[in-house]
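Now for the letters of each chain:
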Amino acid sequence: MTGIVDSWQRQINYLRISVTDRCNFNCIYCTDGLAPSAINSDNLCYEEIARVVGVAADMGITKVRLTGGEPLLRPDLSRLVGMLAQVKGIDDISLTTNGMLLSRYATELKRAGLKRVNVSLDTLQAERFGRITGHDRLKEVLDGIEAARRIGLNPVKINMVVLKGINDDEVIDFARLTIAQGWHVRFIEYMPVGVRGEGDDSVVVSAAQIFESISVLGTLEPDEGEDGNGPARYYRFTGAEGTIGFISAMTEHFCRTCNRLRLTADGQLRPCLLDDDEVDIKTVLRNGGGLKELEGLIRRAVAIKQEQHHLAEGIGPGKRSMRQIGG
Ligand code: SAM
Ligand code: SF4
């Protein structure tokens, strides 16, 4: 096992990096009252991100994921991928995207060293897609998924946030695609997180409910998956090529196996998605901080990682929207 050990004996070996707060979609569950003025423009540059990753890799981080906002809005993202691919110790670079620009960039990202991609897709219905994301772009996203699969950014995982009364009637359609098309689908419980701090959990559909709904298609067998300490529990229909994952932050938190740290676009180390505590690394980076200082900040961020989040009890982060944290 590699990684920095936190106060709860968890190995932290995974860094999620938000490269921008900006987004070309406006998903109803994500932006949560975020005003355009709240978007931070003073983001870390690629050299600064690579410096943090270099220090973190020396401490045991082996995997990084680029997210946002929409990471593909950041100009020349493949340059950053190429820089991170050169960092000794980093053996897995992945991307979470809404897929809108993926068919344009998939080839160059793969060439630069990107291994795999997760694409967010909450509906297969064009009109509904427009209502959820604010943009009529389902075709582009489906093209992006196909492009990523074709060039081997595998496994391409599809992230579906399931919302009661909005898209929960499509869980069977998504599950069927794991059999018919070999898609890897992950059902995500909606997390009431946001800058207004008033989470509405009435639209949450539990992983157990989704499991029951899709079981009409066949027997779901546990599947270990390749993620190790990831938040999802994986299953597979007998004989299906694709897998089904459940990310159940609300009804069955996965904190016990948490292996991650986050870096926000504006240069804050964030120990937990669902806790507002952050450690400022940008100031030290920009003041010429040395290796020891940067290591110290990473250690501090790991040290203040809470044992678990308390979203289900209504205690969650209120300072940033999902789009600012990176999901
Ligand atoms: N724009 C990219 C995308 O949509 O994939 C990356 C950023 S997005 C914040 C990362 C992930 O967070 C997406 O899979 C999205 O569905 C998920 N997400 C955003 N808001 C959420 C919420 N309130 N509850 C659960 N998942 C959420
Ligand atoms: Fe943008 Fe992704 Fe949030 Fe949708 S989920 S608004 S695509 S950051």
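Criteria and cut-off values
Residues numbered from 1 in each chain as written. Chains lettered and ligands numbered in written order. Predicted model: local features only at pLDDT ≥ 70, side-chain atom pairs only at ≥ 80, totals over all residues. Heavy atoms only, no water. Near = heavy atom within 4 Å. Polar contact = N/O pair within 3.5 Å; in protein donor to acceptor, adjacent residues only side chain to side chain. Areas by Shrake-Rupley, 256 points an atom, 1.4 Å probe, with all protein chains shown as cover. Helix = DSSP H or I, 4+ residues; strand = E, 2+ residues; numbered from the N terminus. Nonpolar A, V, L, I, M, F, W, Y, C, P; charged D, E, K, R; others polar. Expected span 1.5 Å × (residues − 1). Buried < 20%, exposed > 50% of the residue type's maximum accessible area, 1.4 Å probe, protein only. Axes fitted to C-alpha atoms, helices over the stretch in contact; angles between N-to-C directions. Parallel < 35°, antiparallel > 145°, perpendicular 65-115°, else oblique. Left-handed = near helix turned anticlockwise from the far one by under 90°. Contact = heavy atoms within 4.5 Å. Pairing = 2+ DSSP bridges.

Peer 1: Summarise the site of ligand 1; cite the residues concerned and give the values.
Peer 2: Taken together, 19 residues surround ligand 1, and among them Tyr29, Gly69, Thr97, Ser120 and Met191 come closest. A distance of 2.9 Å separates a nitrogen atom of ligand 1 from a polar backbone atom of Gly69. When ligand 1 sits alone it has 540 Å² of accessible area, and the protein chains cover 95% of it. Contributing elements (two or more residues each) for the shell around ligand 1: strand E5 (92-97), strand E7 (157-162) and strand E8 (184-189). Partitioning the shell around ligand 1 into residue classes produces seven nonpolar, 10 polar and two charged.

Peer 1: Lay out helix H5 (residues 138-151) in plain terms, naming residues and giving numbers.
Peer 2: Across its 14 residues, H5 extends 20 Å between first and last C-alpha, which sits within 8% of the 20 Å expected from 1.5 Å per residue. Taken together, the buried positions of H5 are Leu138, Val141, Gly144, Ile145, Ala147 and Ala148. Immediately beyond the C-terminal end of H5, within one or two residues, lies Gly152, with a positive phi of roughly 90 degrees.

Peer 1: Give a description of the packing of helix H6 (residues 171-180) against helix H7 (residues 207-214) that names residues and reports values.
Peer 2: The geometry of H6 relative to H7 is characterised by a closest axis approach of 9 Å and an angle of 65 degrees between their N-to-C directions. Regarding the angle of H6 to H7, the classification is roughly perpendicular. The crossing of H6 and H7 is right-handed. Contacts from Val171, Ile172 and Ala175 in H6 reach Ile210, Ser213 and Ile214 in H7. Taken together, the residues of the contact of H6 with H7 sort by class into five nonpolar, one polar and no charged.

Peer 1: Give me the pairing of strand E3 (residues 14-18): which residues, what numbers.
Peer 2: Every regular strand shows the same layout, with side chains that alternate between the two sheet faces. Among the five residues of E3, five are classified as buried, and the element is accordingly described as predominantly covered. Of the two faces of E3, the one lined by Tyr14, Arg16 and Ser18 and the one lined by Leu15 and Ile17 are each fully buried. Here five bridges tie E3 to strand E4 (residues 63-67), and the two strands are oriented parallel to one another. Counted as the bridge partner of Leu15 is Val64 from E4. When E3 meets strand E12 (residues 260-263), the two strands line up parallel, connected through four bridges. The residue bridging Tyr14 from the neighbouring strand is Arg260, located in E12.

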